[in-house]
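# Structure assessment
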Amino acid sequence: MMDALDTQKLEREVTAMYRDVATAADAERHFETGRDLAERLGYDAADLQFVPDAAIDSFAGVGNAFDLAALEPGESVLDLGSGSGTDAFVAALRVTETGSVAGVDMTPEQVAKARDLAADGGFHTVEFREERIESLPFDDDAFDAVLSNGVINLSPEKGRVFEEAARVLRPGGRLAISDIVSEAQLPERIKTDADLWAACIGGAEQVDRYTDLIEAAGFEVDAIRANDEYAFTSDRAENACQTYGVRSVSLCARMEA
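Structure report, in brief. Computed from a predicted model, the values in this text were never measured in an experiment. (Residues numbered from 1 in each chain as written. Predicted model: local features only at pLDDT ≥ 70, side-chain atom pairs only at ≥ 80, totals over all residues. Heavy atoms only, no water.)

Turning our eyes to something else, we now look at the pattern of salt bridges. Enumeration according to the criterion identifies 15 salt bridges in this entry. In this structure, Glu 163 engages Arg 160 in a salt bridge whose closest nitrogen and oxygen atoms are separated by 3.8 Å. Of this pair, Glu 163 and Arg 160 are both found in helix α8 (residues 158-168), 3 residues apart, which corresponds to roughly one turn of the helix. Residues Arg 247 and Glu 183 are paired through a salt bridge, measuring 2.4 Å at the closest nitrogen-oxygen approach. You can see Arg 247 sitting in strand β8 (residues 247-255) and its partner Glu 183 sitting in the loop between β5 (169-182) and α9 (188-191), a full 64 residues away along the chain. One salt-bridge network, in which partners are shared between bridges, spans Asp 140, Arg 160, Glu 163, Glu 164 and Arg 167. (Salt bridge = Lys/Arg side-chain N within 4 Å of Asp/Glu carboxyl O. Helix = DSSP H or I, 4+ residues; strand = E, 2+ residues; numbered from the N terminus.)

Given below as structure tokens:
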């Protein structure tokens with residue numbers, strides 16, 4: 001499949017899709033964005049009132065794993081695929097100014113927007129970097145928790161993403177993510193469609209394979225649950241959901257202490 005998927009085209013499609021999310025939040029897509037989505041996924045209104053509105057407008061998450069992350073004041077947190085910063089800002093509220101949050105994203109417009117919002121909003125303990133989640137610019141054992149929301153499915157190297165997450169986590173650190181998976185194996189015509197990858201569908205891994213990749217990186221999966229509140233918005237995406245069991249899940253996994 002990796003040979004059949006044009007990964008350079010995929011990167012262009014993903015970058016274009018999420019550039020659009022950053023700059024035109026109300027455009028029509030396969031998926032929903034914005035405050036209504038965040039509230040439906042269970043984000044705490046007390047948190048959202050302190051998150052910049054422009055970040056929430058570009059929120060494109062597929063779940064809410066903050067209860068699984070159980071962030072504590074003073075902790076160091078990494079957000080993989082941080083977009084315009086909603087999850088990073090919520091994490092910063094949880095770890096307080098005694099902690100720190102780093103976000104990485106490969107889309108320049110998302111990173112620039114998140115940096116501006118952090119500066120304007122006084123989020124002094126939050127930084128954003130333009131990097132790829134398959135190759136993180138951080139030392140080993142640098143973080144207490146790694147978050148990600150609707151992003152790892154976009155990577156054609158998911159095993160590498162989990163290996164990098166494991167590398168930068170301290171012993172006992174946890175991975176708390178929401179992502180798109182499938183119950184059945186997707187056919188090649190979907191898995192090699194860069195547009196459907198960029199829409200968070202084509203890269204959906206079978207859920208058992210997904211957790212196998214996490215465990216192979218050195219994690220123990222503690223919990224996994226379906227996010228029934230999440231739904232795609234286009235007919236094409238909905239057809240994939242009904243035919244192949246494409247859906248959103250949240251999970252928490254831990255490194256050995």
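Here the narrative resumes, following the displayed structure.
Tracing the sequence through the fold places Gly 99 in the loop between α6 (86-95) and β2 (100-105). Note on Gly 99: relative accessible area 8%, which makes it buried. The contacts of Gly 99, once residues within four sequence positions are left out, are Gly 74, Glu 75 and Thr 125. (Buried < 20%, exposed > 50% of the residue type's maximum accessible area, 1.4 Å probe, protein only. Contact = heavy atoms within 4.5 Å.)

Here the focus is the packing of α8 against helix α11 (residues 207-216). Their axes nearest at 8 Å, the elements α8 and α11 cross at an angle of 40 degrees. Our classification of the angle between α8 and α11 gives oblique. Here the hand of the crossing between α8 and α11 comes out right-handed. Here Lys 158, Gly 159 and Phe 162 of α8 lie close against α11, whose contacting residues are Tyr 210, Leu 213 and Ile 214. (Axes fitted to C-alpha atoms, helices over the stretch in contact; angles between N-to-C directions. Parallel < 35°, antiparallel > 145°, perpendicular 65-115°, else oblique. Left-handed = near helix turned anticlockwise from the far one by under 90°.)

Attention now goes to α8. The buried fraction of α8 amounts to 8 of the 11 residues, a majority that puts the element mostly inside the structure. Taken as a whole, α8 has its buried residues at Lys 158, Gly 159, Val 161, Phe 162, Glu 164, Ala 165, Ala 166 and Val 168.

The element β5 is extensively covered by neighbouring structure, given that 11 of its 14 residues are classed as buried. Relative to β5, strand β4 (residues 143-149) runs parallel, the two being bridged by 6 bridges. Looking at the pairing, Phe 143 lines up with Leu 169 of β5. As for the winding sense of the linkage, the β-α-β connection from β4 through α8 to β5 is right-handed. In the sheet, β5 pairs with β8 via 8 bridges, with the strands oriented antiparallel. Following the sheet pairing, Arg 174 is matched in β8 by Arg 254. One ladder, built from 2 bridges, connects β5 with strand β6 (residues 205-206); its direction is parallel. Bridging across to β6, Ser 182 finds its partner in Gln 206. (Pairing = 2+ DSSP bridges. Right-handed = clockwise from strand over helix to strand, strands pointing away.)

Turning to its location among the elements, Glu 75 is positioned in the loop between α5 (66-69) and β1 (76-80). Owing to a relative accessible area of 13%, Glu 75 belongs among the buried residues under this scheme. Within the structure, Glu 75 has its side chain in polar contact with the backbone nitrogen of Glu 72 (distance 2.8 Å). Contacts of Glu 75, omitting those with residues within four sequence positions, involve Ala 70, Val 95, Gly 99, Ser 100, Asp 144 and Arg 174. (Polar contact = N/O pair within 3.5 Å; in protein donor to acceptor, adjacent residues only side chain to side chain.)

The final tally for this structure, using the stated rule, is 8 aromatic pairs. Geometrically, the ring pair formed by Tyr 43 and Phe 59 is edge-to-face, given 5.1 Å between the ring centres and 70 degrees between the ring planes. On the criterion of sequence distance, the pair formed by Tyr 43 in the loop between α2 (35-40) and α3 (45-48) and Phe 59 in the loop between α4 (53-57) and α5 is long-range, its members being 16 residues apart. Ring centres 5.9 Å apart and planes at 75 degrees place the aromatic pair Tyr 43 and Phe 66 in the edge-to-face group. (Phe/Tyr/Trp six-rings, centres within 6.5 Å; stacked < 30°, edge-to-face > 60°.)

So, to be careful, I would describe these as geometric facts and stop short of saying anything about function.
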